[in-house]
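For reference, the chains in residue letters:
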Amino acid sequence: MTAHEALATAFGAAIRENRLGQAYLFRGPPGAGKREFALRLIAAIDCQTQSGTACTSCDTCRAILQGTHPDVLIVEPEEGRKFIGIEPLRRLVDWMSRRSWNATGRRAIIDPAEAMNRSALNALLKTLEEPPGESYLILVSHAVTELPATIRSRCVAVPIQVPTAEEAQEWLGRCAPEAITLLPEAGGAPLEAMRLNETGLGLPIADLRRDLTGLSLSAIDPVETAAKWRRETETGIVVNTVARLIHSVIRLKFGLAIPSSPEQRVLTTLAERLEFP
């Protein structure tokens, strides 16, 4: 049983025994499937089979998973913006207070929750303190420490982990085989690997990782390499890729596993050389 399956089983029992909370905070790395799991949970709550799991074939499940159900709303940054402002949250609060289409309550997902600005967070706080009726609210976060404690403390925190390397490769083998090679760049998260493949970002990141490996072996010139990065690669991609490699080296230093990577041998050598004061 995968981690996601075990979590779904636990939620299924909570649904059947009427033990669900009304506000959840799904936290984990990008591409771990947090929004997808949130939608599957909402489908399980409202599935016509009333079994505690989403059958995915009834009218309700299909509408929820396809994004067409009138009682399910996803709040996210508007196109071209990085933040969620006050107006979307005011609309959400008003929407959740109204009678639902099928009289079972309304469900909302905010993704990513850390994109809310201060005014939006304040607007959300009252709803978290006094959630209406049978409503459910799920916050999805890639960087949970960026959320204020007043928000985090009013939600049930649920860590959503990336699958094991074997699980991720098996799933991508069925859905997007061409994205399997991008799993290291995606931190082992299959949905992030698919995104990198679909947006074309995978190639520059793979080239960057090869350059970093060459630098660690003193096989390429650092000045020429830095100049190439400046010409060809976005600064954010460089920073994120370097951070992922450093994270991998530190995990290896402490004997922890990392996603399968072509640079595994080099990273292991760097970990062996790493010394802490």
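This paragraph deals with unusual backbone geometry. The step from aspartate 111 to proline 112 runs through a cis peptide bond, and the omega angle for that step is -5 degrees. Mapped onto the fold, proline 112 is located in the loop between strand 3 (107–110) and helix 5 (118–129). Positive phi outside glycine occurs at asparagine 18, with the angle close to 55 degrees. Residue placement: asparagine 18 occurs in the loop between helix 1 (3–16) and strand 1 (23–27). Residue classification places asparagine 18 among the exposed positions, given a relative accessible area of 68%. Unlike most non-glycine residues, glutamine 50 shows phi in positive territory, near 55 degrees. Its location among the elements puts glutamine 50 in the loop between helix 2 (34–46) and helix 3 (59–66).

Our next topic: helix 8 (residues 190–199). Among all positions in helix 8, only Pro190, Glu192, Ala193, Met194 and Leu196 are buried. Summarising the contacts, the buried residues of helix 8 are in contact with helix 7 (165–175) and helix 9 (202–216). The positive-phi residue at the C-terminal boundary of helix 8 is glycine 200, with phi of around 80 degrees.

Formed by 27 residues in total, the largest nonpolar core has its most connected members in Phe11, Leu20, Tyr24, Phe26, Leu41, Ile109 and Ile138. Taken together, the elements giving at least two residues each to this core come down to helix 1, strand 1, helix 2, helix 3 and strand 4 (136–141). The leading source of residues in this core is helix 2, at eight residues. Excluding anything up to four places from it in sequence, phenylalanine 11 contacts Leu20, Tyr24, Phe26, Phe37, Leu41 and Val158. The next biggest cluster of nonpolar side chains, apart from the first, holds 24 residues, and it includes Ala23, Leu25, Trp95 and Leu137.

Turning our eyes to something else, we now look at the sheet that holds strand 4. Overall, parallel pairing links the five strands, which are arranged 2-3-4-1-5 in an open sheet. Two strands in the sheet have a free side with no partner beyond their single neighbour: strand 2 (72–75) and strand 5 (156–159). Recorded for the sheet is a direction-independent mean angle of 20 degrees between the axes of neighbouring strands. Pairing between strand 3 and strand 4: four bridges, direction parallel.

Now for the pairing of strand 4. Where burial is concerned, most of strand 4 is hidden: six out of the six residues are buried. A two-sided burial pattern is seen for strand 4, the buried positions comprising Tyr136, Ile138 and Val140 on one face and Leu137, Leu139 and Ser141 on the other. When strand 1 meets strand 4, the two strands line up parallel, connected through five bridges. What sits directly across from leucine 25, in strand 4, is leucine 139. Of the crossover connections in this fold, the one passing from strand 3 over helix 5 to the parallel strand 4 is right-handed.

Scoring rules and cut-offs
- In every chain, residue numbers begin from 1 and rise along the written sequence.
- The predicted origin of the model limits local features to residues at a pLDDT of at least 70 and limits the giving and counting of side-chain atom pairs to 80 or more, whereas totals for whole chains, interfaces and linings rest on all residues.
- Side-chain calculation: all heavy atoms of the structure are included, whereas hydrogens and water are not.
- Strands are runs of DSSP state E lasting at least 2 residues, helices are runs of H or I lasting at least 4, and numbering of each runs from the N terminus.
- We call a residue buried when its accessible area falls under 20% of the maximum for its residue type, exposed when it is over 50%, and partly exposed in between, using a 1.4 Å probe and counting protein chains only.
- The criterion used for residue contact is that any of the two residues' heavy atoms lie within 4.5 Å.
- Take the buried residues of types Ala, Val, Leu, Ile, Met, Phe, Trp, Tyr and Cys, join any two whose side-chain atoms come within 4.5 Å, and each joined set is a nonpolar core.
- Only when DSSP finds a minimum of two bridges between them are two strands counted as paired.
- Every axis corresponds to a line fitted to the C-alpha atoms, with the helix fit spanning only the stretch in contact, and the corresponding angles, defined between N-to-C directions, vary from 0 to 180 degrees.
- With the strands aimed away from the viewer, a crossover counts as right-handed if its path from the first strand over the helix to the second runs clockwise.

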